[in-house]
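# Results of the structural survey
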Amino acid sequence: MKYSKRYIAFTFILALIFVSNFYIYAKDSSTLGAFRGAQIDNTIWSPLVAADVNGTTIRLRIENKEYTSEDEHVYMDENRNIMVPVSMLRDALNSSAHVYNKNELLVEKHSLTADFKLADDNGFVQYKGQFYASLDKLSKLLDMTCSFDTATNTLTMTDKSEGVSTVPTKYDLRERQRVSLIRDQGSYGTCWAFAATSALESALMPEEQLLFSVDHMSMSNSFNVNQYDGGEYTMGMAYLAAWQGPVYEKDDPYGDGMTDDSLKAVRHVQEMQVIDGKDYEGIKEAVFKYGGVESSLYSTIRSSQGSSVYYNQNTSAYCYIGTEKPNHDVVIIGWDDNYSRSNFNTPLEGDGAFICQNSWGDGFGENGIFYVSYYDTNIGTHNVAYTRVDDVHNYDHIYQSDLCGWVGKLGYDSDQIYGANVFEAKGAETLSAASFYATGANTQYEVYVVHDFENEKSFAQREQLASGTLQKAGYYTVDFDTKVSLKKGERYAVLVYLKTPGTKHPMAIEYDTGEKILQGVDLDDGEGYISLNGKNFVNVKEKKDCNLCIKACRRRKSDRYNGESESGGGAVKGFERAA
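### Quick word on the side chain of Ser299
Within the secondary structure layout, Ser299 lies in the loop between β14 (293–297) and β15 (311–312). A distance of 2.8 Å separates a polar atom in the side chain of Ser299 from the backbone oxygen of Ile301. Excluding anything up to four places from it in sequence, Ser299 contacts Tyr318, Asn327, His328 and Trp360.

Okay, structure coming up:
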C-alpha cells in the first residue's frame, strides 16, 4: 500500500508539471484558466514557474542597460516578482535608492518616490544579509513599463517619461538624512580636506553614519604641505586612491597638530567621478544618486565672522562674478531652481542656486549651510563625486607607484595611448582589478595583463581582461571577470589602452612640477611604459621622468600569506599639468 501512495503522489507532481506547459505566464491573475475542467491556484503554479525561471539565466534590460543573474544575484520569488539587489537600483534605474534604519527603502526618480518597508511584504525583502526589491512594483510607482518574456527569461523595463530630467527642480540632502556633521576648520587651510571627507561621508549615508579624519588626510598624505598651506581636490583623490585613508576621526582627531601615518584605511575608495565644465545637470544627478559633491568657489570671506559685498547674511546667499580663481572648497548638497535672484546682493539674470555645506561651523549661514547662485563664476567648475566606496575586504593589496596621483597628463598629440606599469607579485595570488584615471569624458579603455615580464618585447604576449567606456572623467577601478593567477616573485605588467576624445594627452601621470607641494615626490618607485600604437614602447622614467597612474589590486590565493602593503613599482610630444 505504501508504494501505491508514493506512486500516486509522484504521478500528481508529474501531472502538474505537464499541465504547466499548457499555460502562458499571466503575472496578474490570481488563478489560471481551466485545463479539462481543472483550476490551478497561484499558490501551486507560481512556485513552479519561479523554480523554472530560476533554473536558467535571467536577463534584464533596464534603461538601455543589460544585466544577467550570472552577474548580479537576480531571482524570481514565489509570487513571480523579479527581485534585484537594492545596491544595483541606483545605476540601473538612474535613481536615488537608499535603505533607512535597515528596514525602509526609499527610491526616487524624477519627482516620484517609491517607499517600502520590510514588514509590509510589498516587494522589499532581506535575504542572507542583503536587501532586494521587486522591479515590477517599483515600475508601477516610478512610471516605468515592466514586462517579462518567459520564452527568453527576459525582463524589460523602460521609463515612460521621455525627455524629463532625472532629477526634480528642488532637492535637499538635509531632508534625506544624507548630510554629514557640520564642522569648523578654524584657522587652518584645510577646507579641501573637509570638503573631501564630508562628501565621502555623505556618499555612505544614510546606511552608515561615519566621521573621517581631516587631520590624517591633510597631514598623512604624499604631498609637501602643512595644514596652513591649503590644497586642492586632486590631493584628496590621490590620498584616497592610494588607500592612505580614510581613517576615523576618533583615531586621529582634528586640530592637535599631530597625525598617525601608521593608521590603515577603513574604507577603499575605488571610484571618484570628476564633473567638469559647469555641467549643472551632471552635478545634480551626482548629488541625487551618490550624495554630496565636492566643489570650489572664490570666497572673499575667511570665517563665519567675516562679511562680504558678495554675501547676503540675511538670506545666507553668496554670488561672486569676476576673474578670480577658486580658493575655497565646499560640498554641494542640493539645489533649488526657483531660488529667487532677489536673495543675492549681486544683480543676476535669473533664479536658481546650489545648496552648499561649508566648514566654518554651524554659526555660518543656516547652521553651516548657504546658497550659491548658479551664476557664480566658479561654482560647479571642478567637482568630485565619490561613487564607489568599498569595505576593506574587497582586495587585500594594492600595487602602485603614483602616491601623488593625477598631477599631469602625457600623450603623443593623439587621443589614444597605451600605458603599462610593471609590478612584482608578493606571493601566490590572484590579480583581481586595475585602477586608472580617465582624463576626459567618454574614455574608451582596454585592460591587459602581461605575464613573466622581461622587457618591452613582452608586451606582444598581452592577454585582454576587460574593455568598456567611461562616461565621465575620474578615477575608476575595473574588476576582472577572469581572475589572473600570479606566481610569487613573478614580474607582470598591467597594460591599459585609453582613447579619450578631444584630448592630446590621455594618460594621467605623477611628476615633479617644480612647485613646493610636490617637492620630494618619489619617481623611482615605479617601472612604466607608453606606446602610441601598442607595438613600440618606451620607458617613461627615462623619457619623461614621471610615473603612470595605473594600479593593480590583488587577492591572495591563500589567507596564510601575510604580505606587507608596499608601493610597487615613438617620441613623446609633451605633457600638461592637471586642471
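### Notes on unusual backbone geometry
Residue Pro206 is bonded to the preceding Met205 through a cis peptide linkage, with omega at 5°. Summarising the element assignment, Pro206 is placed in the loop between α5 (191–203) and α6 (214–219). A cis amide bond links Gly245 with the next residue in sequence, Pro246, at an omega value of 15°. The residue Glu63 is not glycine, and still its phi comes out positive at about 50°.

### Quick notes on helix α7 (residues 233–241)
When you tally the buried positions in α7, you get nine out of nine residues, the bulk of the element. Taken together, the buried positions of α7 are Tyr233, Thr234, Met235, Gly236, Met237, Ala238, Tyr239, Leu240 and Ala241.

### Digging into the packing of aromatic side chains
Scanning the model with the defined rule gives 29 aromatic pairs in all. A centroid spacing of 5.0 Å and a plane angle of 80° characterise the contact between Tyr310 and Tyr320, whose relative ring orientation is edge-to-face. Taken together, the residues Tyr310 in the loop between β14 and β15 and Tyr320 in the loop between β16 (317–318) and β17 (328–336) connect sequence positions 10 residues apart. Among the residues examined, Tyr320 registers a relative accessible area of 5% and is labelled buried. Counting every residue linked through ring pairs, the aromatic cluster contains Tyr188, Phe194, Tyr228 and Tyr254. Over the ring of Tyr448 we find Arg462; its NZ or CZ atom is 5.3 Å from the centre of that ring.

### A few points about the sheet that holds strand β23 (residues 416–424)
In spatial order, the strands read β26-β25-β28-β23-β30-β31; together these six strands make up an open sheet with antiparallel pairing. Looking along the sheet, the strands with just one partner apiece sit at the ends: β26 (463–470) and β31 (538–539). Both strand β25 (residues 443–450) and β26 contribute to a ladder of seven bridges, which runs antiparallel. Residue Tyr448 lies in a different strand from β26, and its bridge partner there is Gln464.

### A word on the sheet that holds strand β3 (residues 75–76)
With antiparallel pairing, the four strands of this open sheet are ordered in space as β3-β4-β9-β8. Either end of the sheet is taken by a strand with one partner, and the two such strands are β3 and β8 (124–127). Direction of pairing for β3 relative to strand β4 (residues 82–85): antiparallel, over a ladder of two bridges. Across the sheet, the residue bridging to Met76 is Ile82, located in β4.

### A word on the environment of Asn314
With respect to the secondary-structure elements, Asn314 resides in the loop between β15 and β16. Remark: the alpha-carbon pair of Asn314 and Phe344, spanning 30 residues in sequence, is separated by 9.6 Å.

Thresholds applied
- Sequence positions are assigned chain by chain, starting from 1 and proceeding in written order.
- The predicted nature of this model means local features are confined to residues of pLDDT at least 70 and side-chain atom pairs, given and counted, to a pLDDT of 80 or more, with totals for whole chains, interfaces and linings taken over all residues.
- Excluding hydrogens and water, the side-chain values take into account all heavy atoms of the structure.
- Each helix corresponds to a stretch of at least 4 residues labelled H or I by DSSP, and each strand to a stretch of at least 2 residues labelled E; elements are numbered beginning at the N terminus.
- In the analysis that follows, any N or O atom pair within 3.5 Å is treated as a polar contact, provided that within protein one partner can donate a hydrogen and the other can accept it, and provided that, for residues neighboring in sequence, both atoms belong to side chains.
- Residue contacts are counted whenever heavy atoms from the two residues lie within 4.5 Å of one another.
- Working definition: with a 1.4 Å probe on protein chains only, accessible area under 20% of the residue-type maximum means buried, over 50% means exposed, and in between means partly exposed.
- Two aromatic rings, drawn from Phe, Tyr or Trp (for Trp, its six-membered ring), form a pair once their centres lie within 6.5 Å of each other, and the interplanar angle then sorts them: stacked below 30 degrees, edge-to-face above 60, tilted otherwise.
- Placement of a positive charge over a ring is assigned whenever Lys NZ or Arg CZ falls within 6 Å of the ring centre and within 35 degrees of the normal to the ring plane.
- Any two strands with at least two DSSP-identified bridges between them are counted as paired.

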